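Summary of structural features
Chain residues, written in single-letter form:
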Amino acid sequence: MKKEKKMTLTLPVEEYAGSGNLACQGCGAGLAMRYFLKAMGPRTVLCIPACCWAVIDGPYPHSSLSVPIYHCAFEAAASTATGVKAGLEMVGDDKTTVVAWAGDGGTFDIGLQALSGAAERNDDILYVCYDNEAYMNTGIQRSSATPYGAWTTTTPVKFFKNQPKKDINAIMAAHRIPYQATASISYPEDLFKKAKKAKGVKGTRFLHIYAPCPTGWKSRPEDAVKLGRMVIQNCIFPLYEIEYGEKYTLNIKVKDKKPINDYLKLQGRFRHLKPDDIQIMQEEVDRNWARLLKKCEAS
Amino acid sequence: MPKKKDAKKIVFQSADEMPMMPMSIGSMLYNKTGSWRNIRPEIRLEDCIQCGICWKFCPDMSIGIENELPVVDYDYCKGCGICAEECPVKCIVMVEERK
């Protein structure tokens, strides 16, 4: 069977992430790595602390990626990347991009001091946090990226998480780093563009990628990309860039904001929520969105 | 990108065979993740509009492009169903796997 038309591809065809990896079905983190490496190219070093990707990559001596990986301690992703960068500079290599690739636990909780230190020194590294909103690799424990109301194994249904998600982007903006952005796996062209832009900037860069996790969120694997899209359209996770902690750029201006109910309904981790709890979540989302709009207008 | 022919699991018989530096020397292609699947995607190519969305959203890099048409690599497809869900003309159907 032959068709005249050429296939329309919006991303380059080169793959640096390989098949046979150990990701769950419908893994958002796998997609995030795939798009990210397409933008980065082969001259990249990854420093991966304990997170899902430390497992997905495969057991020694195998690796599913075709770029070098340095597995480091949980709290040390940013400092390891700083060290690798310093080593490369000593041997005269200034073309290789050094990337710290950590999950939300390694960024929001455990790796925060190393990340803050690297950002304060403005070391020339690119820090990527793929956010699946709990410690998924060790069995769905609560992290400070877990949203209000979510079930995890350490915040069971009766005592669901009572605190909202930590605003890591505001923390990073307070460090006045040259470039930081949020991205979602459901907008691969946007993620690709931001990764390319981050590659060209010197200094500490921070990417926050939203990566749905069907296993931990108790959603269907085929909904992973849909969830990543819904979260943008109901403004829970807006797409924006910040330069030097001051210049805010909103990438997707959501005109008619959808209610968060449809998003919550697709996930088993929010099944226990009463309408009052959902109302609290909706108010929190509205407040954050209004605050972001104000910041974008001011800059 | 490693070719499919080097999809072999590396097993060290003794400590002497191990490389001096602990580094990865093989790819994960020996791990045929297709065995995880209980539903399989089937593409009705006559309805395909060649948008490339299934290729773009495959988390396992198992939808390839041959002659400008998508082809599923059943050795590695884990059967997540993202391609069927995201296809704009719904020309991918998930059918039950039979042995």
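Topic: the interface of chain B and chain A
- Taken together, the contact between chain B and chain A spans 48 residues of the former and 47 residues of the latter.
- Looking only at chain B, the three residues that lose the most surface to chain A are M28(B), W55(B) and M61(B), adding up to 19% of its buried area.
- Remark: the boundary between chain B and chain A carries three salt bridges.
- A salt bridge links E86(B) to R229(A); the shortest N-O distance between them is 2.7 Å.
- Run the count over chain B and chain A and you get 22 residue pairs in polar contact (both at pLDDT 80 or more).
- Of all the secondary structure elements, the ones that give two or more residues to the side of chain B that touches chain A are β1 (26–27), α1 (53–57), β4 (69–72) and α2 (82–86) of chain B.
- When its residues are assigned to classes, the side of chain B that touches chain A shows 27 nonpolar, ten polar and eleven charged.
- In this sheet, β1(B) lies alongside strand β2 (residues 62–63) of chain A in parallel orientation, the contact comprising two bridges. In the strand pairing of β1(B), H62(A) is matched with G26(B).

Brief notes about the pairing of strand β1 (residues 44–48) of chain A
Residue and element names in this part refer to chain A.
- With five of five residues buried, β1 is to be regarded as a mostly interior element.
- Covered by surrounding structure in β1 are T44, L46 and I48 together with V45 and C47, the residues of both alternating faces.
- Pairing analysis gives four bridges linking β1 to strand β4 (residues 97–102), with the strands arranged parallel. Bridged to T44 within β4 is T97.
- Bridging between β1 and strand β3 (residues 69–71) involves three bridges; their strand directions are parallel. Across the sheet, the residue bridging to I48 is H71, located in β3.

Conventions used here
- Residues numbered from 1 in each chain as written.
- Chains lettered and ligands numbered in written order.
- Predicted model: local features only at pLDDT ≥ 70, side-chain atom pairs only at ≥ 80, totals over all residues.
- Heavy atoms only, no water.
- Contact = heavy atoms within 4.5 Å.
- Buried area = accessible area lost by both parts, 1.4 Å probe.
- Salt bridge = Lys/Arg side-chain N within 4 Å of Asp/Glu carboxyl O.
- Polar contact = N/O pair within 3.5 Å; in protein donor to acceptor, adjacent residues only side chain to side chain.
- Helix = DSSP H or I, 4+ residues; strand = E, 2+ residues; numbered from the N terminus.
- Nonpolar A, V, L, I, M, F, W, Y, C, P; charged D, E, K, R; others polar.
- Pairing = 2+ DSSP bridges.
- Buried < 20%, exposed > 50% of the residue type's maximum accessible area, 1.4 Å probe, protein only.

By themselves, these figures tell us nothing about what the structure is for.
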